[in-house]
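# Secondary and tertiary structure notes
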Amino acid sequence: MRLTSPDPRRPSLTTVELIAMVGGLMALNALSIDIMLPALGVTGEALGAPGNERQLIITAYLFGFGAAQLLFGPLADSLGRRRTLLGALIAYLAATALCIMAPDMTLMVIARFLQGVAAAATRVVAIALVRDLVSGRRMAEIMSFALTVFMIAPILAPGLGQLILFVAPWQAIFGALFVMSAGLTVWMALRLPETLRPEYRISLNPASAWRNYVLAASHRMTLGYMTASSLIFGALFAFIASSEQVMAELYGLGAWFPVAFGAVALGLAGANIVNARIVRRLGMRRISHAALAGFTAVNLIHLAIALMMHPPFWLYYALLTLALMLFAMVGANFSALAMEPAGERAGTTAALYGAVTSMSGAVLGALIGLAYDGTVAPLILGFVVMGVLAIAVVIWTERGVMFGAGEPYGDEES
């Protein structure tokens, strides 16, 4: 199926290419995080930060990634999706080069923050592209397929990072990121059309940006699902930041850690495929609300076990994977529900959503991750707290009615 684009200079995208582009843009972010996981220990030691401080290599990137989306939203709504994205991809290449040259942990954290800032445009533009071309349950369906492509990165990235470490120093991992992002830049330059219609462009000035952010945040659906997403992303980021310490060190997986991490990501990809297949029939609310309740219940059971005993790895891994698969069925639908009221402010709303969820998730994830004490209890307790709070926010958002089937806006393509 071919999607109509307002850019006459380039051919319209097919649904398949749109999914591949959005998935590729989002995968760059996942690669930037997950390819580093096997190298956190050796990188931290090389840069003088062998303890929990090594987690800052992850959380500094996430915070920069979140904060900069507030800038890229107005840029994408003013300059257009294409120009904003290509400029940011070039900046990402420069920041990656700085990561390769970082001599100590301080400069590495700064370089990773800048890398996250540049990568922020990929998230804003990816979501805005989809919202420019489709809406309703069709948007949720395409986002689920794109997230499936995106999930290939966490499956392969840790293993790729480990393979690089077998034959080269940790700097080579950033070299691989440089090559991958250069290829993505060329693809976008050649094929990406401008999807923002000229009549929807918004003038670029602080007052206009502030007004549009206020308007985006003032809608109950956007505010509520953005807040709930922030909470559950806090749980995800806590898992990512502490996964190397828990699985590679606490459970002694060592070089097998990338395999275990990749299998978890494979479960998330499978959950997104299921969501894409059923969302048009069951609706975003029914699926995401049920998955959020299941996520919280699974983690409550896991916490009870962790408080009574040190869970064997097979039990910890099974419950963790199940919880994160349920999380995957929450994420795509909450994103679509938050974006549904956006209309012509899709770029600004996508930026606000991405910034709030990424920054809040990074802070919450860092707090949970830094509480690591040699047991899994702090991590699972964090999951439970985030799940309970997210349920409370969804109840407020839906005015006490959960599991509804109806969508507030049209389900047809725009």
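Let us look at the structure shown here. (Residues numbered from 1 in each chain as written. Predicted model: local features only at pLDDT ≥ 70, side-chain atom pairs only at ≥ 80, totals over all residues. Heavy atoms only, no water.)

## Brief notes about the overall build of the chain
Formally: Helix and strand definitions here come from DSSP, where helices need a minimum of 4 consecutive H or I residues and strands a minimum of 2 consecutive E residues; each element is numbered from the N-terminal end. Working definition: with a 1.4 Å probe on protein chains only, accessible area under 20% of the residue-type maximum means buried, over 50% means exposed, and in between means partly exposed. The contact criterion used throughout is that any non-hydrogen atoms of two residues lie within 4.5 Å. A 1.4 Å probe and the Shrake-Rupley method give the accessible areas. Residues count as covered only by the protein chains that appear here.
Secondary structure summary: the chain contains 15 helices and 0 strands in total. Split into buried and exposed, the 414 residues of the chain put 62% on the buried side. For the chain, the share of sequence-separated contacts (at least 6 apart) that also reach a separation of at least 24 residues comes to 86%. A total accessible area of about 15000 Å² is found for the chain, and carbon and sulfur atoms account for 71% of it.

## Digging into unusual backbone geometry
Here arginine 399, not a glycine, exhibits a phi torsion of approximately 55°, which is positive. The class of arginine 399 is exposed, set by a relative accessible area of 63%.

## Some points on the side chain of threonine 43
Cut-off, in case you're wondering: We define a polar contact as two N or O atoms separated by no more than 3.5 Å, with the added condition that, inside protein, one atom must be a possible hydrogen donor and the other a possible acceptor, whereas residues neighbouring each other in sequence contribute only through side-chain atom pairs.
Mapped onto the fold, threonine 43 is located in helix α2 (residues 40-46). Since its relative accessible area comes to 0%, threonine 43 is described here as buried. At a separation of 2.7 Å, a polar atom in the side chain of threonine 43 contacts the main-chain carbonyl oxygen of alanine 39.

## A few points about helix α15 (residues 377-397)
Here is the rule: Multiplying one less than the number of residues by 1.5 Å gives the expected span of a helix.
Given a rise of 1.5 Å per residue, 21 residues ought to cover 30 Å, and the 30 Å separating the end C-alpha atoms of α15 matches this to within 8%. One or two residues past the end of α15 sits arginine 399, with phi positive at roughly 55°.

## Focus: a nonpolar patch on the surface
Rule in force here: Within this analysis, patches are made of residues with over 30% relative accessible area and no salt bridge. Like charges are joined at 9 Å or less; nonpolar side chains (Val, Leu, Ile, Met, Phe, Trp, Tyr) at 5 Å or less. What counts as a salt bridge is simple: a side-chain nitrogen of Lys or Arg found within 4 Å of a carboxyl oxygen of Asp or Glu.
Residues Phe63, Leu98, Ile100, Met101, Leu107, Ile110, Phe113, Leu114, Val363 and Leu367 make up a contiguous nonpolar surface patch of about 860 Å² in total accessible area. Broken down by secondary-structure element, the contributors of at least two residues to the nonpolar patch are α5 (81-101), α6 (105-133) and α14 (346-370). It is α6 that contributes the most residues to the nonpolar patch, 4 residues altogether. As for its placement among the helices and strands, leucine 114 is situated in helix α6. On the accessibility criterion, leucine 114 (37% relative accessible area) is partly exposed.

## Regarding the packing of helix α3 (residues 56-67) against helix α4 (residues 69-78)
Note the threshold: Note on geometry: axes are lines fitted to C-alpha atoms, helical ones only across the stretch in contact, with angles between N-to-C directions running from 0 to 180 degrees. Classes in brief: Ala, Val, Leu, Ile, Met, Phe, Trp, Tyr, Cys and Pro nonpolar; Asp, Glu, Lys and Arg charged; the others, Gly included, polar.
Across the interface, α3 lies against α4 with an axial gap of 5 Å and an inter-helix angle of 35°. Across the interface between the two elements, Phe65, Gly66 and Ala67 of α3 pack against Gln69, Leu70 and Leu71 of α4. Across the contact of α3 with α4, the residue classes tally to 4 nonpolar, 2 polar and no charged.

## Regarding the nonpolar core
Threshold: Among buried residues, the Ala, Val, Leu, Ile, Met, Phe, Trp, Tyr and Cys ones that are joined through side-chain atoms within 4.5 Å form a nonpolar core.
Membership of the largest hydrophobic core comes to 130 residues, with the highest contact counts inside it found for Met188, Phe239, Met247, Tyr316 and Phe334. Residues within four places of phenylalanine 334 in sequence aside, it is in contact with Tyr225, Ala228, Ser229, Ile232, Ser288, His289, Leu292, Tyr353 and Val394.

## Here we look at the side chain of serine 358
Relative to the elements of secondary structure, serine 358 occurs in helix α14. Overall, serine 358 belongs to the buried group, its relative accessible area being 2%. With residues up to four places along the chain from it excluded, the contact list for serine 358 reads Leu62, Phe65, Gly66, Gln69, Arg123 and Phe237.

## Some remarks on the packing of aromatic side chains
Keep this limit in mind: In this analysis, rings of Phe, Tyr and Trp, with Trp reduced to its six-membered ring, are considered paired at centre separations within 6.5 Å, and the interplanar angle assigns stacked below 30 degrees, edge-to-face beyond 60, and tilted for intermediate values. When the NZ atom of lysine or the CZ atom of arginine is within 6 Å of a ring's centre and also within 35 degrees of its normal, the charge is said to sit over that ring.
Applying the stated rule across the entire model yields 11 aromatic pairs. Where tryptophan 170 meets phenylalanine 174, the ring centres are 6.2 Å apart and the plane angle is 85°; that geometry is what we call edge-to-face. When its relative accessible area of 8% is taken as the criterion, tryptophan 170 is described as buried. Summarising the aromatic geometry, the rings of tyrosine 225 and phenylalanine 334 are spaced 4.9 Å apart at their centres and angled 65° between planes, so their arrangement reads as edge-to-face. With tyrosine 225 in helix α10 (residues 220-250) and phenylalanine 334 in helix α13 (residues 313-339), the pair connects residues that are 109 residues apart, well separated along the chain. The exposure classification of tyrosine 225 matches that of phenylalanine 334, with both residues buried. Taken together, the aromatic side chains of Tyr251, Phe313, Tyr316 and Tyr317 make up a single cluster linked through ring pairs. Positioned above the aromatic ring of tryptophan 396 is the side chain of arginine 220, whose terminal nitrogen or guanidinium carbon lies 4.0 Å from the ring centre.

## Structural notes on the environment of threonine 357
Its place among the elements puts threonine 357 in helix α14. For the pair threonine 357 and serine 230, spaced 127 residues apart in sequence, the C-alpha separation works out to 4.1 Å. Sequence-distant contacts of threonine 357, defined by excluding residues within four places in its chain, comprise Arg123, Met226, Ser229, Ser230, Phe233 and Phe237. In this structure the side chain of threonine 357 is engaged in a polar contact, spanning 2.7 Å, whose partner is the backbone oxygen of tyrosine 353.

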